[in-house]
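Structural overview for review
Spelled out from the first residue to the last, the chains are:
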Amino acid sequence: MKKILLIAALAIVTAIAVLLVPNPLGSKIIAEAKYQGYIPYTTDEALTIAYSRCSTCHGPEKMLKYCARCGPPFIVVSHSMKKYVELTNQKGSNFRPFSDAELVAITQVWNGLVGNWEAGWGEKNIKKLLQGDAALIRLFETPLEGRPIELAMKNKSAPGAHKEESKNP
Ligand code: HEC
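Residues numbered from 1 in each chain as written. Predicted model: local features only at pLDDT ≥ 70, side-chain atom pairs only at ≥ 80, totals over all residues.

**A closer look at the overall build of the protein**
Along the protein, the regular secondary structure elements total nine helices and zero strands. The secondary structure elements of the protein, listed N-terminal to C-terminal, are α-α-α-α-α-α-α-α-α. Along the first, second and third principal axes, the C-alpha set of the protein runs to 70 × 40 × 30 Å. Contacts in the protein between residues far apart in sequence, at least 24 positions, make up 78% of those at least 6 positions apart. (Helix = DSSP H or I, 4+ residues; strand = E, 2+ residues; numbered from the N terminus. Contact = placed C-beta atoms within 7 Å.)

Below you can see the structure in the form of structure tokens.
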């Protein structure tokens, strides 16, 4: 009995050490926890994944030059890109699927840096375009005050971006 307790205690201490002391395994576990949505992305991390994850098929200009006249707001674009990745994966490519947590963070980055014209599109239209994507619908229903990454990005600009002036959401 004592031995079992000792082993359990050692296992717990090891697990905590792996997470607390910077090391490749620990950062991998934490990155995965963020991908799965257990730990929120910081603003800097969100910025990094927005550029790295969204610039694999096309360059960042696709996002930076995107505009209210170009098409639906980023929240819808994010949903379409997730669907697109699922489709191309079915055809044999192996791009890591976008997780809900990633898209919620990434959408806020582009909304903040480039522009958010969700309000101009009408709730019904957006929800229809989101095709039941629960995580993005929840984000859509969250006002700016509840979107920490977007709020932090709001007064920043990205090189090459032409920012939409808008007062929403
Ligand atoms: C697996 C490849 C792939 C990834 C990853 C990807 N895209 Fe795209 N994206 C495309 C394709 C294909 C198109 C449409 C063809 C084109 O215009 O080049 C496109 C088009 C776009 C457009 C232009 C849409 C329009 O109506 O003009 C935007 C904006 C965009 N992507 C943003 C994003 C964002 C934001 C992300 C990250 C969440 C992302 N993309 C990730 C493949 C991808």
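**Points about the site of the ligand**
Close to the ligand lie 19 residues; Cys54, Cys57, Tyr66, Gly71 and Met81 are nearest. Every element with two or more residues in the shell around the ligand is listed here: α3 (43-54), α4 (61-64), α5 (74-90) and α6 (100-113). Considering every element that reaches the shell around the ligand, the biggest residue donor is α5, with six residues. Tallied by class, residues from the shell around the ligand come to 12 nonpolar, five polar and two charged. (Near = placed C-beta within 6 Å. Nonpolar A, V, L, I, M, F, W, Y, C, P; charged D, E, K, R; others polar.)

**Observations concerning α6**
For α6, which comprises 14 residues, the first-to-last C-alpha distance of 20 Å matches the rise-based estimate of 20 Å (1.5 Å per residue) to within 8%. Most of α6 is tucked away, with 13 of its 14 residues classed as buried. Looking one or two places after α6, you find Gly115, whose phi comes out positive at around 150°. (Expected span 1.5 Å × (residues − 1). Buried ≥ 20, exposed ≤ 12 C-beta atoms within 10 Å, placed from the backbone.)

**Quick word on the domain arrangement of the protein**
On domain assignment, one finds that the protein holds domain 1 (1-39) and domain 2 (41-169). On a C-alpha basis, the centroid separation for the pair domain 1 and domain 2 is 32 Å. The interface of domain 1 with domain 2 comprises four residues on the first partner and five residues on the second. (Domains from an automatic or database assignment.)

**Examining the nonpolar core**
What tends to happen in soluble globular proteins is that the nonpolar side chains get buried as a cluster. If you look at the biggest cluster of nonpolar residues, it comprises 28 residues, and the most contacted ones within it are Ala46, Ala50, Ala105, Ile106, Val109 and Trp110. Breaking this core down by element, the ones donating at least two residues are α3, α5, α6, α8 (134-140) and α9 (148-153). In terms of residues, this core owes the most to one element, α6, which gives eight residues. Residue contacts for Ala50: discarding those within four places in its chain leaves Ile106, Val109 and Trp110. (Core = buried A, V, L, I, M, F, W, Y, C linked by C-beta atoms within 7 Å.)

**Let's talk about the environment of Ala11**
Position of Ala11 among the secondary structure elements: in helix α1 (residues 2-20). Once the C-alpha coordinates of Ala11 and Arg96 are considered, the two residues, 85 residues apart in sequence, prove to be 31 Å apart.

**Details of α1**
If you check α1, its first and last C-alpha atoms are 27 Å apart, about what 19 residues at 1.5 Å a residue would give, namely 27 Å. Burial analysis of α1 places just zero of its 19 residues in the buried class, which makes it a mostly uncovered element.

**Let's talk about the environment of Ile137**
Looking at the secondary structure, you find Ile137 in helix α8. On the neighbour-count criterion, Ile137 (16 C-beta atoms within 10 Å) is partly exposed. In sequence terms Ile137 and Lys127 are 10 residues apart; their C-alpha atoms lie 6.7 Å from each other. Ignoring anything within four residues of it in the chain, the contact list for Ile137 reads Lys127 and Leu130.

**So, unusual backbone geometry**
Although it is not a glycine, Gln131 sits at a positive phi angle of roughly 45°. Considering the arrangement of structural elements, one finds Gln131 in the loop between α7 (123-129) and α8.

**Re the packing of α3 against α6**
A pair of packed helices is captured by two measures, namely the crossing angle of their axes and the spacing between those axes. For the pair α3 and α6, the least separation of the axes is 9 Å and the interaxial angle reads 95°. Here α3 lies roughly perpendicular to α6, going by the angle between them. Contacts from Ala46, Leu47, Ile49, Ala50, Arg53 and Cys54 in α3 reach Glu102, Ala105, Ile106, Gln108, Val109 and Trp110 in α6. Grouping the amino acids of the contact of α3 with α6 by side-chain chemistry returns nine nonpolar, one polar and two charged. (Axes fitted to C-alpha atoms, helices over the stretch in contact; angles between N-to-C directions. Parallel < 35°, antiparallel > 145°, perpendicular 65-115°, else oblique.)

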